[in-house]
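Fold and contact review
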2 protein chains.
Amino acid sequence: MSKIVVGMIGLGTVGQGVVRLISGCKNLVLKKVAVANLTKAREGQLPGSCQLTDDVSSLLNDPEIEILIEVMGGEKPALDYLLQAIEKRKHIITANKEVLAKHGPTLFEKARSKGVDIFFEAAVAGGLPLISTIHKGLEANEISSVVGIMNGTTNYILSQMTEKGIGFDVALADAQKQGFAEADPTADVDGHDVSYKLSILSALAYGRFAQPTSIYKESIRTLHFDDIKIAAELGYAIKLIGITKSKDGELDVLVAPMLVPKNHVLAAVSLSNNGILVNGSAVGEIVMVGPGAGQMPTASAIVGDTINLANAMQLPDFASYFQPEIETEWATVKEATTWRSPYYLRLIVNDTPGVIGHIGTIFGAHNISIRSLIQKDTKKDEASIVIVTHEVKKADMDQALSKLQKSDFLKELGAALHIFTPESNHA
Amino acid sequence: MSKIVVGMIGLGTVGQGVVRLISGCKNLVLKKVAVANLTKAREGQLPGSCQLTDDVSSLLNDPEIEILIEVMGGEKPALDYLLQAIEKRKHIITANKEVLAKHGPTLFEKARSKGVDIFFEAAVAGGLPLISTIHKGLEANEISSVVGIMNGTTNYILSQMTEKGIGFDVALADAQKQGFAEADPTADVDGHDVSYKLSILSALAYGRFAQPTSIYKESIRTLHFDDIKIAAELGYAIKLIGITKSKDGELDVLVAPMLVPKNHVLAAVSLSNNGILVNGSAVGEIVMVGPGAGQMPTASAIVGDTINLANAMQLPDFASYFQPEIETEWATVKEATTWRSPYYLRLIVNDTPGVIGHIGTIFGAHNISIRSLIQKDTKKDEASIVIVTHEVKKADMDQALSKLQKSDFLKELGAALHIFTPESNHA
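Residues numbered from 1 in each chain as written. Chains lettered and ligands numbered in written order. Predicted model: local features only at pLDDT ≥ 70, side-chain atom pairs only at ≥ 80, totals over all residues.

1. Topic: the overall build of chain A
Looking only at helices and strands, chain A features 14 helices and 18 strands. With respect to the three principal axes, the spread of C-alpha positions in chain A is 80 × 45 × 35 Å. Put simply, chain A has 427 residues, and 53% of those count as buried. Residue pairs in contact within chain A that sit at least 24 positions apart in sequence constitute 74% of those at least 6 positions apart. (Helix = DSSP H or I, 4+ residues; strand = E, 2+ residues; numbered from the N terminus. Buried ≥ 20, exposed ≤ 12 C-beta atoms within 10 Å, placed from the backbone. Contact = placed C-beta atoms within 7 Å.)

Take a look at the structure:
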């Protein structure tokens, strides 16, 4: 078998892991690595035959390089580099969920027209072979939903809040110190990262990318430790859940912190792990749990892709076999207002007679049926009311909450969180 | 894309599921199905173009048929049919773990020499795409272990014993009534089925099949409900665990009911689900949970294989790409006596002074260190002693138990079970 020549853009943590793993592959030669800053200190060494360069074009224009590994991340200039590489008929292996989610239709259309493949196992769920599972492993199934914990940073933060009884700010600072969260945690804690993954998963599962801007997101920033504690008493763990579901050609795609029943397998996914449920028409529900990020798990996915691609390149005309069928149109994503789920609510109210009656009246007017109501922690003139509802349409809940907030008895809306309702009673 | 012509041997529950799924695939034509008994009543209909025959050779000798799906099961005559089909250069898709485990080296060697592929996703963990995950998804990893719950029937029985507080015999009869267990449950409850799967997983993970006869097996037949109850009090669930671990070119391969810590993800795998942990050098530990058997999940794996194979057959010379590298020698499986794990023991003893001292002396002489000892349920002149040990070599425990059984104070060895010790603290 002849050797396949590989180039790489980016040499951060994941890139350095790729170098380590790829040096053990006898059929692959890493010829050039392009970086922004040649003088930055890096762990480990490049193989002697590999050139480090700050000139990306020397890599893109090198006809010997047949596979481009992109681990620089971010939207730009990664997009331009990828488009140029595809133009030069290089196959792409990328961990860059942002550029795929925002420009997937363009990238895949161009790849098809040039007869090259884009492999992206590392872009979703790090080391978990989720992409190949959906793409090849469940080939005989119509996928109806992909749901789960898709961000290791926020799962780490929520695990720490739960276990140590600390608030969000402390847990975030701790995660930053441990290297589990970035200095700017926006992409993780506000759900953008999960929305990119949901866009990519929608493309694989249903054939069309979901525009990240069309995906409804709730942050975990405003989560109180109180609610983690009360949820635990009620038999739930709070997790940041991403959902993409298909029905009649339209998608529900959203990311929000949700209450997950403690006996559900997702409740047991702790620290920086990911846990993903895939529902297929024939197989039913399958679950994958494992490291969703980290240097070597992500490098494992990238180098696994590279080996599979390099092996396949020995076959003539293989590109179409590996390219998932993804359309160039964006998916139709429904307004989140139509999304239905039970809610967990915590209201701080004036402790005056008739308050519960008022709440009941407002909820009744908006088709909200209460499953349980507990009055807790009554302070002087103040009560905390925890309500669990039956399934309700988000638009109805939004209107009811807006009315409550205009009422004279509500002092504070402590929390309004979705409750995750598993489709199947797995595990 | 031209149509690929498929033949199938067997039309039981799984075969009927395959017919249902395959009829939705426009690139596949099911031409012939061979069965032992033409007149048996079957659910659903064959497509009009498909011939039902009791003459297997008419199928094996049909040059139009390029893919043979084998869902008849059992060692013989399936082995002969598969060898004949390979001789005729037909690709094989099989759910038959027994024939693969017992004759894997022969089958794969012949397939290689004839340039055909054997796909077998359905043979292990039913609908879970475990085979493709190990074969392709973790290509960049050295696999060090594959461990978990690999038999849905026994997991269903153990779940029912735990939840309903019933004994093995009642739970088995119930599982038989529900269709989760066969009339002759030997293959499932005595660990043979799991040993076949471990043989196949060893081939995929480490390159060599493990002879099923070389795999140590403990049955769940002798499991008492008492031990399930006591284990639960101690924080464990009892599960039938299959293990194949590689170290220095030798394998530990065994199947036994084990105590699994309740906070471990395997403890949450209930009813007829399977749950498998794979440890890879780069990725760490990943977990897959889902339906390990059943009509449509198994058919999903078979038809998924068929679609992938049919697509790949459009490429010239693809067979070597898909064939896992499996050697023709059997793996070296270590004697189970060298296996190390903590133990759970329940001893019924005469309630006379000094008994605990005697036990301690015998254990000490065999390098067994006690972690906890609880005396329970003392009846007249009789005590039940539950012991949890630190890790101990099986040979040492076997000798100590044999000495105990010769002592005058032991009335009954109630239980001696392994405790599962996760390699990583997953979930």
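2. Considerations on the confidence of the model for chain A
In the predicted model, chain A carries a mean pLDDT of 91, and the fraction of residues at 70 or more is 98%. Both scores are given for the predicted complex: the pTM is 0.88, the ipTM 0.84. (pLDDT = per-residue confidence, 0-100.)

3. A look at the domain arrangement of chain A
How big an interface is tends to be expressed through the accessible area that disappears when the partners come together. Residue and element names in this part refer to chain A. Taken as a whole, chain A is organised into domain 1 (4-128 + 295-322), domain 2 (137-291) and domain 3 (336-419). Averaged C-alpha coordinates put domain 1 and domain 2 at centres separated by 27 Å. Each side of the interface is counted separately: domain 1 has 15 residues, and domain 2 has 14 residues. Take the side of domain 1 that touches domain 2: its biggest share by element is seven residues, from helix 4 (residues 97-114). In terms of residue class, the side of domain 1 that touches domain 2 is built from nine nonpolar, three polar and three charged. (Domains from an automatic or database assignment. Nonpolar A, V, L, I, M, F, W, Y, C, P; charged D, E, K, R; others polar.)

4. Describing the sheet that holds strand 2 (residues 28-34) of chain A
Residue and element names in this part refer to chain A. The strand order across the open sheet built from six strands is 3-2-1-4-5-6, with neighbouring strands paired in parallel fashion. The outermost strands of the open sheet, each flanked by one partner alone, are strand 3 (51-53) and strand 6 (118-119). In this structure, strand 1 (residues 4-9) lies alongside strand 2, joined through six bridges in parallel fashion. Its bridge partner lying in strand 2, Val-6 is registered against Leu-30. (Pairing = 2+ DSSP bridges.)

5. A word on the interface of chain A and chain B
Between chain A and chain B, the residue contacts involve 44 residues of the former and 44 residues of the latter. Of all the elements in the fold, those that place two or more residues in the side of chain A that touches chain B are helix 5 (130-137), strand 11 (273-280), strand 12 (284-291) and helix 11 (295-312) of chain A. Considering every element that reaches the side of chain A that touches chain B, the biggest residue donor is helix 11 of chain A, with ten residues. Partitioning the side of chain A that touches chain B into residue classes produces 26 nonpolar, 14 polar and four charged.

6. Focus on the sheet that holds strand 4 (residues 67-70) of chain B
Strands pair in a sheet through their backbones, by hydrogen bonds, and they do so in one of two ways: parallel or antiparallel. All names here are of chain B. Strand order in the open sheet formed by six strands is 3-2-1-4-5-6, with parallel pairing between adjacent strands. Each edge of the open sheet carries a strand with a single partner, namely strand 3 (51-53) and strand 6 (118-119). Looking at chain direction, strand 1 (residues 4-9) and strand 4 are connected through four bridges and run parallel. Looking across to strand 4, one finds that Val-6 is bridged to Ile-67.

7. Quick word on the nonpolar core
Core analysis: the largest hydrophobic core is formed by 289 residues, its most contacted members being Val18(A) and Val18(B). Excluding its chain neighbours within four sequence positions, the residues that come into contact with Val18(A) are Met8(A), Ile69(A), Val71(A), Ala299(A), Ile302(A) and Val303(A). (Core = buried A, V, L, I, M, F, W, Y, C linked by C-beta atoms within 7 Å.)

8. Quick notes on the relation of the copies chain A and chain B
In screw terms, the move from chain A to chain B is a rotation of 180° and a rise of 0.0 Å along the axis, fitting with an RMSD of 0.0 Å. Both copies are brought into coincidence by an operation consistent with a two-fold rotation axis. Closest approach to the rotation axis within chain A is made by the C-alpha atom of Met288(A), at a distance of 2.2 Å. A shared interface surface links the copies, since 100% of the contact residues of chain A are contact residues in chain B too. (Least-squares fit on C-alpha atoms with pLDDT ≥ 70 in both.)

9. Side note on the pairing of strand 14 (residues 343-350) of chain B
All names here are of chain B. Most of strand 14 is tucked away, with six of its eight residues classed as buried. Of the strand pairs in this sheet, strand 14 and strand 18 (residues 410-419) are connected by seven bridges, and their pairing is antiparallel. Within strand 18, the position partnered with Tyr-343 by the bridge is His-418. Relative to strand 16 (residues 382-389), strand 14 runs antiparallel, the two sharing seven bridges. Directly across from Leu-345, in strand 16, lies its bridge partner Ile-387.

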